[in-house]
2 protein chains.
Amino acid sequence: MAKVLTKRSENYAQWYNDLVIKADLAENSVVRGCMIIKPYGYSIWEKIQSELDRMFKATGHSNAYFPLFIPKSFFSKEAEHVEGFAKECAVVTHYRLKKDADGKGLIVDENAKLEEELIIRPTSETIIWSTYKKWIQSYRDLPLLINQWANVVRWEMRTRLFLRTSEFLWQEGHTAHATKEEAIEETEKIVNLYADFVENYMGVPVIKGLKSENEKFAGAINTYAIETLMQDGKALQAGTSHFLGQNFARAFDVKFTDKNGKQDLVWATSWGVSSRLIGALIMAHSDDNGLILPPNLAPIQVVIVPIYKGNSELDKISNTAEKIRKTLTEKGISVKYDNRDTQKPGWKFAEYELKGVPVRIAIGPRDIANGTVEIARRDTLTKEVIKQENIAEHIADLLVDIQTSIFNRARSFRDKNTCKVDTYEDFKKILNEKGGFLLAHWDGTSETEQKISKETKATIRCIPLDGKIEKGKCIYTGKPSNQRVVFAKAY
Amino acid sequence: MAKVLTKRSENYAQWYNDLVIKADLAENSVVRGCMIIKPYGYSIWEKIQSELDRMFKATGHSNAYFPLFIPKSFFSKEAEHVEGFAKECAVVTHYRLKKDADGKGLIVDENAKLEEELIIRPTSETIIWSTYKKWIQSYRDLPLLINQWANVVRWEMRTRLFLRTSEFLWQEGHTAHATKEEAIEETEKIVNLYADFVENYMGVPVIKGLKSENEKFAGAINTYAIETLMQDGKALQAGTSHFLGQNFARAFDVKFTDKNGKQDLVWATSWGVSSRLIGALIMAHSDDNGLILPPNLAPIQVVIVPIYKGNSELDKISNTAEKIRKTLTEKGISVKYDNRDTQKPGWKFAEYELKGVPVRIAIGPRDIANGTVEIARRDTLTKEVIKQENIAEHIADLLVDIQTSIFNRARSFRDKNTCKVDTYEDFKKILNEKGGFLLAHWDGTSETEQKISKETKATIRCIPLDGKIEKGKCIYTGKPSNQRVVFAKAY
């Protein structure tokens, strides 16, 4: 266990990278900007997927699958969308390779040039709305509530594992509605669903809000977002839900006939979260010893480590350990019994701390004699010795307690690092000294937002949905404002 | 319900296409060769995925995710692999678009040309083994048992929904082992797992066997396959499992140190099934009325349709229907109650027949009076009236019975269409008249195989694992042979 992390206080970015690598979550691939998600990291993604998928289905959505490729011309159809998405992207120009002159290497076959280039989807609004045109004729075809789990590509110049990679995994919902009200209701339903997931499964508190014009999705009327705060005082956008109005219906000519026989353009939403959530999960909770995973998303919730000398001790301990594993498993708790003889207990302790397993149970010869086990919590690093009786109930309660504690700790950190500022001087000072969410008045113009952003690197994370209406003055221009907005430096 | 299918006897290929489209499974996209998997089709894929994923995990495999892009040069590293996979593929040459001269359209930015072209993965051996080099040093790192669920692209000229598309969904397992024996054992374990899945979930009987040199995977020592027979007498390869020897370890220099400190190249397997399985599922069982889905993979196992006049009848029926739905759901049966008032019962009957729902329950006023329901089986189109008491047990048993019946029917068809042939004349005659699996002696040479294939369009589907050892003469050359092999025309 010589896997030591850089301390957060020394270099937060390096700590993050060390942790992702050393906890076996992911690594960079030979292909620039693309990551390899390793089994342990992928198992966290599977937990995320499975819970979200259940929530999408419970709210009436179905999954489908649309092509990876989008014809280049599709991007030009929605004027704002093209600005946002058709620039840095992977372009397929040919469909064949052939052997080079010496017969060893491969070269592109110039005779196999595509008539129209294909773009690897950076997001699928265009290909999906070109399809919806065929699927939607009447109000009876609405609402259409579809989600897709897929890989997407945005050619990023500066990449960081999970947080920003050229290829990433995500889900994208694309819904079609007969009325504006219904589409807005859907957009809000989803941002609430995301908030529920991020708070109650990931244990990360969120601020729900609307994006400013500058920050909204290219092609949307409104973008709702959930914003989270990382331990270094930087914000991370964890999910977005877009009310697209009739923009994509107009671009792809998707109309429906209503109950009265009148034709109208269809109303749209789209929404997504990505493998970036794993980055948020890591940065919100973990410490200098490694990951801290919330029990609701931990691939292994409990690990049992035997402390023994010789096989006869191990046999006795294994007997007890297997019984405990069985009773925990029956309660739906995921348990690993690590009886490898190739590693010492101390090495295993450090390994499971690094990997963020919420509860560790250690069993030694004295425990066998006394009918006890030693339990350690990963989040607080505290230990207690308990009786083996009723261990399943005890652990089940403990997991609930850990889930709550992790959330409360993150919320308390977020609250401590959220402050109202009323002058631009204070704004800059606090931003530099401790970061966090700064609640400030703003005059509502893109111009001011851009100036502040250029001077301080802080952006408007959102206009909070539950923000108080209060009179104030823009910190930059002094012009009147009715509500504070959330500024922060962001990932 | 004006959705009428072409009859199988008239035009099997057209029947298949009609069915895929009209049962809302999939459709062609604007991007040539790529399909859109619609919600109903995708829900079948989700069932397939979920069962297979469970089986992979139960046998010790973990999921991970590797990049979509593979550097062009990687394909040249394994001599045979390059022949098979680096030809018809999607080639990414640029990473940026820019506005064209008139500012409206988009063109490829020639300043953003990649130094080395990237290929969209047609299969991931090369990118994965280039990664395994970093992951494997010692025997302690082995075996490495990894699976990936992903999209892949092979630029196909002639495509058919599910059966052959340029982009498709699949899983690919890639395992690494310390010994040859262990790798072969894994290859065989997986072909057995696939056979178990295809027979017991899809209800399609398989022949397990080895591929001939001509037909094996490019880069493999041996390819194991499961071969299935469709209703038109053509074979469909449903899954393959490859023993790769040390070929990829050699190509990417992946060595490990064994317990005695000796270095050796790692042994490899790879294996996959794809969304093509949905094509097999459709073609093996369905009839001129539509899909016939095996209960073990049907997204909806039971549909309840009310037969009523007026709201008061409907209320009474709905009351009973909801009770039945609840009791079935509690037994783990998936039920839909279709109480839409926009469609008549006859329309609904035809719709669910088209969509292959295994059991239909109809409830009318007389059933309410008598405490009965009418039950119809999709596979046999037979009906019976039963008492409402113990309906859950009855339906649960019925679903098991349907699953078995579907398999037995397919097996009986397969057996009827499998015959031994001893002369080339008979071979050609039977092949043309009824197709099916032809068991014939073959001299074991690629030359003969290619000649037969060229003259008859039949290929060797496999050398069956449970084939009897018997003396015989090659139907083409008369040379001696020890075992019959399976010939067929194939998808």
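Residues numbered from 1 in each chain as written. Chains lettered and ligands numbered in written order. Predicted model: local features only at pLDDT ≥ 70, side-chain atom pairs only at ≥ 80, totals over all residues.

1. Looking at the overall build of chain A
For step 1, the next point in the chain: The number of helices and strands found in chain A is 13 helices and 25 strands.
For step 2, the next point in the chain: For chain A, whose C-alpha radius of gyration is 26 Å, the value lies close to the compact-globule estimate of 23 Å for 491 residues.
For step 3, the next point in the chain: For chain A, the spread of C-alpha atoms along the three principal axes comes to 80 × 70 × 55 Å.
For step 4, the next point in the chain: Taken over 491 residues, chain A has a buried fraction of 48%.
For step 5, the next point in the chain: Long-range pairs, those at least 24 residues apart, make up 67% of the contacts in chain A with a sequence separation of at least 6. (Helix = DSSP H or I, 4+ residues; strand = E, 2+ residues; numbered from the N terminus. Rg over C-alpha atoms; globule rule 2.2 N^0.38 Å. Buried ≥ 20, exposed ≤ 12 C-beta atoms within 10 Å, placed from the backbone. Contact = placed C-beta atoms within 7 Å.)

2. Looking at the sheet that holds strand S17 (residues 335–337) of chain B
Residues and elements named next belong to chain B.
For step 1, the next point in the chain: Read from one edge to the other, the open sheet built from 5 strands follows the order S17-S16-S18-S19-S20, with strand pairing classed as mixed. Because the sheet does not close on itself, it has two edges, and the strands there are S17 and strand S20 (383–387). Pairs of neighbouring strands in the sheet enclose a mean axial angle of 25°, with direction left out of account.
For step 2, the next point in the chain: The pairing of strand S19 (residues 372–377) with S20 spans 5 bridges and is classified as antiparallel. (Pairing = 2+ DSSP bridges. Axes fitted to C-alpha atoms, helices over the stretch in contact; angles between N-to-C directions.)

3. Overview of the domain arrangement of chain A
For step 1, the next point in the chain: Along its sequence, chain A is organised into domain 1 (36–67 + 126–285), domain 2 (302–398) and domain 3 (418–488).
For step 2, the next point in the chain: With centres defined by C-alpha atoms, the gap from domain 1 of chain A to domain 2 of chain A works out at 40 Å. (Domains from an automatic or database assignment.)

4. Focus: the packing of helix H8 (residues 310–330) of chain B against helix H11 (residues 391–416) of chain B
Residues and elements named next belong to chain B.
For step 1, the next point in the chain: Contact pair H8 / H11: the axes reach a minimum separation of 9 Å and the direction vectors enclose 55°. By the angle between their axes, H8 is oblique relative to H11. Relative to H11, H8 is oriented so that their crossing is right-handed. Residue-level inspection shows Ile324, Thr327 and Leu328 of H8 in contact with H11, the latter providing Ile391, Ala392 and Ile395.
For step 2, the next point in the chain: Counted by class, the contact of H8 with H11 contains 5 nonpolar, 1 polar and no charged residues. (Parallel < 35°, antiparallel > 145°, perpendicular 65-115°, else oblique. Left-handed = near helix turned anticlockwise from the far one by under 90°. Nonpolar A, V, L, I, M, F, W, Y, C, P; charged D, E, K, R; others polar.)

5. A closer look at the interface of chain B and chain A
Accessible area lost upon the coming together of the parts serves often as the stated size of an interface.
For step 1, the next point in the chain: If you look at the interface, chain B gives 52 residues, while chain A gives 52 residues.
For step 2, the next point in the chain: With 10 residues, strand S5 (residues 88–99) of chain B is the largest single contributor of residues to the side of chain B that touches chain A.
For step 3, the next point in the chain: A class-by-class count of the residues in the side of chain B that touches chain A yields 30 nonpolar, 12 polar and 10 charged.

6. Describing the sheet that holds strand S19 (residues 372–377) of chain A
All names here are of chain A.
For step 1, the next point in the chain: Within the open sheet, the 5 strands sit side by side as S17-S16-S18-S19-S20. Their pairing is mixed. In this open sheet, the two strands that pair with only one neighbour each are strand S17 (335–337) and strand S20 (383–387). Direction aside, the axes of adjacent strands within the sheet are offset by 25° on average.
For step 2, the next point in the chain: Two strands pair when backbone bridges link them, and strand S16 (residues 302–306) and strand S18 (residues 359–363) are joined in this way by 5 bridges, in the parallel orientation. Paired with Val303 across the two strands is Arg360, which belongs to S18.
For step 3, the next point in the chain: Set on the sheet, helix H8 (residues 310–330) makes contact with S16, S17 and S18; between it and S16 the angle comes to about 170°.

7. So, the relation of the copies chain B and chain A
Here the two chain copies are tied together by a rotation about an axis and a shift along that axis.
For step 1, the next point in the chain: If you rotate chain B by 180° and push it 0.0 Å along the axis, it lands on chain A with an RMSD of 0.0 Å. In the structure described here, the two chain copies are related by an operation that fits a two-fold rotation axis. Of the C-alpha atoms belonging to chain B, the one lying closest to the rotation axis is found on Val92(B), 2.1 Å away.
For step 2, the next point in the chain: Here 100% of the interface residues in chain B have copies in chain A that are interface residues too; the copies meet face to matching face. (Least-squares fit on C-alpha atoms with pLDDT ≥ 70 in both.)

8. Quick notes on the environment of Gln403(A)
Residues and elements named next belong to chain A.
For step 1, the next point in the chain: Secondary-structure assignment places Gln403 in helix H11 (residues 391–416).
For step 2, the next point in the chain: For Gln403, a count of 20 C-beta atoms within 10 Å translates into the label buried.
For step 3, the next point in the chain: Distance from Gln403 to Ala458, taken between C-alpha atoms, is 31 Å for residues 55 residues apart in sequence.
For step 4, the next point in the chain: Apart from the residues within four sequence positions on either side, Gln403 is in contact with Gly203, Pro294, Pro295 and Asn296.

9. Focus on the environment of Ser73(B)
For step 1, the next point in the chain: On the secondary structure map, Ser73(B) appears in the loop between strand S4 (69–71) and helix H3 (79–85).
For step 2, the next point in the chain: When the C-alpha positions of Ser73(B) and Pro358(B) are compared, they lie 50 Å apart, and in sequence the two are 285 residues distant.

10. A few points about the pairing of strand S8 (residues 144–153) of chain A
All names here are of chain A.
For step 1, the next point in the chain: Among the 10 residues that make up S8, 7 are buried, leaving the element largely enclosed by the rest of the structure.
For step 2, the next point in the chain: Sheet topology note: the strand S3 (residues 62–63)/S8 ladder contains 2 bridges and is parallel. Paired with Ser62 across the strands is Ile146, a residue of S8.
For step 3, the next point in the chain: Where S8 and strand S9 (residues 167–177) come together, 10 bridges link them in antiparallel fashion. Following the sheet pairing, Ile146 is matched in S9 by His174.

11. A few points about the pairing of strand S25 (residues 480–488) of chain A
Residues and elements named next belong to chain A.
For step 1, the next point in the chain: As defined by bridge partners, strand S22 (residues 437–441) adjoins S25 across 4 bridges and the pair is classed as antiparallel. By the bridge assignment, Ala440 is partnered in S25 with Val485.
For step 2, the next point in the chain: Two elements, strand S23 (residues 459–464) and S25, share 3 bridges in a ladder whose sense is antiparallel. Bridge pairing links Ile460 to Phe487 in S25.
For step 3, the next point in the chain: Pairing of strand S24 (residues 469–473) with S25, which is carried by 3 bridges, proceeds in the antiparallel orientation. In the sheet register, Lys473 faces S25, and the bridge partner there is Pro480.
For step 4, the next point in the chain: Counting the residues between successive antiparallel strands, the hairpin from S24 to S25 contains 6 residues, one of them, Gly478, with a positive phi of roughly 75°.

12. Points about unusual backbone geometry
For step 1, the next point in the chain: Following Leu142(A), the chain continues to Pro143(A) via a peptide bond in cis, the omega torsion being -10°.
For step 2, the next point in the chain: The phi torsion at Asp253(A) lies on the positive side, around 55°, for a residue other than glycine.
For step 3, the next point in the chain: Relative to the helices and strands, Asp253(A) resides in the loop between helix H6 (247–252) and strand S13 (255–257).
For step 4, the next point in the chain: With 11 C-beta atoms counted inside 10 Å, the residue Asp253(A) sits in the exposed group.
For step 5, the next point in the chain: Although it is not a glycine, Phe162(B) adopts a positive phi angle of roughly 70°.
For step 6, the next point in the chain: Counting through the fold element by element, Phe162(B) comes out in the loop between strand S8 (144–153) and strand S9 (167–177).

13. Quick look at the environment of Val302(B)
Residue and element names in this part refer to chain B.
For step 1, the next point in the chain: By the secondary structure assignment, Val302 is in strand S16 (residues 302–306).
For step 2, the next point in the chain: Sequence spacing of Val302 and Asp253 is 49 residues, and the spatial spacing of their C-alpha atoms is 54 Å.
For step 3, the next point in the chain: When neighbours within four sequence positions are excluded, Val302 is seen to be in contact with Leu328, Ile333, Val335, Val359, Ile361 and Ile395.

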